[in-house]
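# Chains, contacts and geometry: an overview
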Amino acid sequence: MNALLDGEPATAPRQPRISVVVPTYGRPPLLLRCLQALTVQSLAHEDYEILVVDDERSDVTHAAVEAFAAGWPPGLLRYLRADQGRGPAAARNAGWRAARAEIVAFTDDDTVPDAGWLDYGLGAMATGRWAAVAGRVVVPRPEGADDRPTDHELMTRGLETAEFVTANAFVRRDALERIGGFDERFRRAWREDSDLQFRLESEAGEVGRCDAAVVLHPVRPERWGVSLRQQKNVFYDALLYAKHPRRYRERVRAMPPWDYLAIVALVLAAPLLALGGASGSAVLALLVALGLVAAFAERRLRATSRRPAHVAEMLATSLLIPFLAVWWRLRGAWHFRVWFL
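Numbers given to residues run from 1 along each chain, matching the order in which its sequence is written. For a predicted model such as this one, the threshold for reporting local features is a pLDDT of at least 70, and the threshold for listing and counting side-chain atom pairs is 80 or more; totals across whole chains, interfaces and linings nevertheless cover every residue. Hydrogen atoms and water are omitted, and side-chain values are computed over all heavy atoms in the structure.

## Some points on the sheet that holds strand β4 (residues 103-106)
As a reminder, the rule being used: Between any two strands, at least two bridges found by DSSP are needed for them to pair. Under the DSSP-based scheme used, a helix requires at least four consecutive residues in state H or I and a strand at least two consecutive residues in state E, with every element numbered from the N terminus.
Taken in spatial order, the eight strands of this open sheet run β3-β2-β1-β4-β7-β6-β8-β5, and their pairing is mixed. Either end of the sheet is taken by a strand with one partner, and the two such strands are β3 (77-80) and β5 (112-113). Two strands pair when backbone bridges link them, and β4 and strand β7 (residues 169-172) are joined in this way by four bridges, in the antiparallel orientation. Pairing of V104 across the sheet is with V171, part of β7.

## Focus on the pattern of salt bridges
Where side chains of opposite charge bring their charged atoms close, a pairing between them can arise. Rules: Each salt bridge in this description consists of a side-chain nitrogen of Lys or Arg and a carboxyl oxygen of Asp or Glu lying within 4 Å of one another. Buried residues are those whose accessible area, probed at 1.4 Å on protein chains only, stays under 20% of the maximum for their type, while exposed residues exceed 50% and partly exposed ones sit between those limits.
The full count for this structure, using the stated rule, is 28 salt bridges. One salt bridge in this structure joins E192 and R92, with 2.9 Å as the shortest N-O distance. Note that E192 is positioned in helix α7 (residues 192-203) and R92 in helix α3 (residues 88-98), a separation of 100 residues in sequence. E192 sits in the buried class, given a relative accessible area of 2%. A relative accessible area of 2% places R92 in the buried class. Salt-bridge contacts for K243 lead to D195; the nearest nitrogen and oxygen are separated by 3.0 Å.

## Looking at a nonpolar patch on the surface
Worth spelling out the cut-off: What goes into a patch is any residue over 30% in relative accessible area without a salt bridge, connected to like charges within 9 Å or, for nonpolar side chains (Val, Leu, Ile, Met, Phe, Trp, Tyr), within 5 Å. The protein chains shown are the only cover counted for residues, whose accessible areas, like all others here, come from Shrake-Rupley with a 1.4 Å probe.
A contiguous nonpolar surface patch, about 270 Å² in accessible area, is contributed by L290, L319 and L320. Inspection of the secondary structure assignment puts L319 in helix α13 (residues 308-335).

## Some remarks on the nonpolar core
The test is simple: Residues grouped as a nonpolar core are buried Ala, Val, Leu, Ile, Met, Phe, Trp, Tyr and Cys residues, joined through side-chain atoms within 4.5 Å. By definition in these notes, contact holds between two residues if any of their heavy atoms fall within 4.5 Å.
I18, L35, W117, L118 and F170 are the most contacted members of the largest nonpolar core, which totals 35 residues. It is helix α4 (residues 117-125) that contributes the most residues to this core, five residues altogether. Those residues in contact with F170 that sit more than four places away from it in its chain are I18, V104, A105, W117, L118, G121, M125, A131, A132, V133 and A213. Within the second largest apolar cluster, 24 residues are counted, among which are V104, A134, A175 and I179.

## Quick notes on unusual backbone geometry
Glycine aside, a negative phi is what most residues show, and trans is what most peptide bonds show. Its identity as a non-glycine residue notwithstanding, R191 has a phi of 70°, on the positive side. Summarising the element assignment, R191 is placed in the loop between α6 (173-179) and α7. With a phi close to 55°, R337 is a non-glycine residue in the positive phi region. You can see R337 is positioned in the segment after α13.

## Observations concerning helix α1 (residues 28-38)
An α-helical turn contains 3.6 residues, so any two residues separated by three or four positions project in the same direction. By the burial criterion, the buried members of α1 are P28, L31, C34, L35, A37 and L38. Next to the buried residues of α1 lie β1 (18-24), β2 (48-54), α2 (59-69), β3, β5 and α4.

## Quick word on the packing of aromatic side chains
Heads up, the condition is: Pairing of aromatic rings covers Phe, Tyr and Trp, the last through its six-membered ring, and needs centres within 6.5 Å; plane angles under 30 degrees mean stacked, over 60 mean edge-to-face, and all others mean tilted.
Going through the model one piece at a time under the given rule, you end up with eleven aromatic pairs. Geometrically, the ring pair formed by F106 and F182 is edge-to-face, given 5.3 Å between the ring centres and 85° between the ring planes. With F106 in strand β4 and F182 in the loop between α6 and α7, the pair connects residues that are 76 residues apart, well separated along the chain. For the pair F106 and F182, one class covers both residues: buried.

## Observations regarding the pairing of β3
Which entries qualify depends on this criterion: When the strands point away from the viewer and the connection leading from the first strand across the helix to the second strand turns clockwise, the crossover is called right-handed.
Alternating residues of β3 divide into L77 and Y79 and R78 and L80, and every residue in both groups is buried. Bridge analysis of β2 against β3 gives four bridges, and the strand direction is parallel. Looking at the pairing, V53 lines up with L80 of β3. As for the winding sense of the linkage, the β-α-β connection from β2 through α2 to β3 is right-handed.

## Points about the side chain of S318
Selection criterion: Contacts described as polar in this section are N or O atom pairs within 3.5 Å, which, within protein, must combine one atom able to donate a hydrogen with one able to accept it, while residues neighboring in sequence count only if both atoms come from side chains.
Take S318: it is sitting in helix α13. Look at S318 and you get buried, because its relative accessible area is 0%. There is a polar contact of 2.9 Å between the side chain of S318 and the side chain of R300. Apart from the residues within four sequence positions on either side, S318 is in contact with V293, F296, A297 and R300.

Structural data, given as structure tokens:
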């Protein structure tokens, strides 16, 4: 095994100024694209190190990183596997704890950092004003895309206006130590960055902004029904709400999804009304629920692609999303013992 990819680097001419942590899970082509961008930063190679943390613990990914590292200076790239835990939060913790620099930069394996990303981030952190800094995420349009984005692309674009995301963040190591790093109960790439931001603000200092530090986040191709699979994220909304109820309502979601709750309640009420002899009320409940679903689908389609296949997907998933969202909301509320609507 290449010693450069397992634990401490074999040679380290000097301590790096910044360490880059990249969690990955089963996406070698995307990871290699990210690493290519990271190895051509405007910083000198001896000023930074890259730590790839493989959450899948894959020999294929290990071999891909090892082959890529062979073309670069010793100590630049290190491959790690978390000793325990799963998910990007655990992987990032393993990465920053193994890092040698006092400033830790976080990005994801599906990003393409700009050549000046680390230089600008270091410059912002050098002011000493902030415990952490958020950079700017840019989501380029896919090649051959319609004038109107797909629903999935529109959701990915949300990264461009997010306050703080670990696709592009710089954090002082002592601040991470003070708050204990990421909460590893966040097992998906969802809300673990908001939780980190809120705890940094409460316990370590201000979180600043550096729009000059740019990473591109291309839209990944996804299978049909990605919006259905994403509803599991709501489980972790419950955890974020349990930890930061005031901030959650002020900065994440001000109101519960009353339309989802109403749709589910009306559909569940309809058979009970029918069994009780109120068939007219049962039909009315279903019609109102269908109207709410239609309004939800219309909102999703208002600014998105009108390709027939996309429209069909939006209509079908709009019928199912309220039920999945409420299910995961209730599971999260029960699991984390919080009243979360």
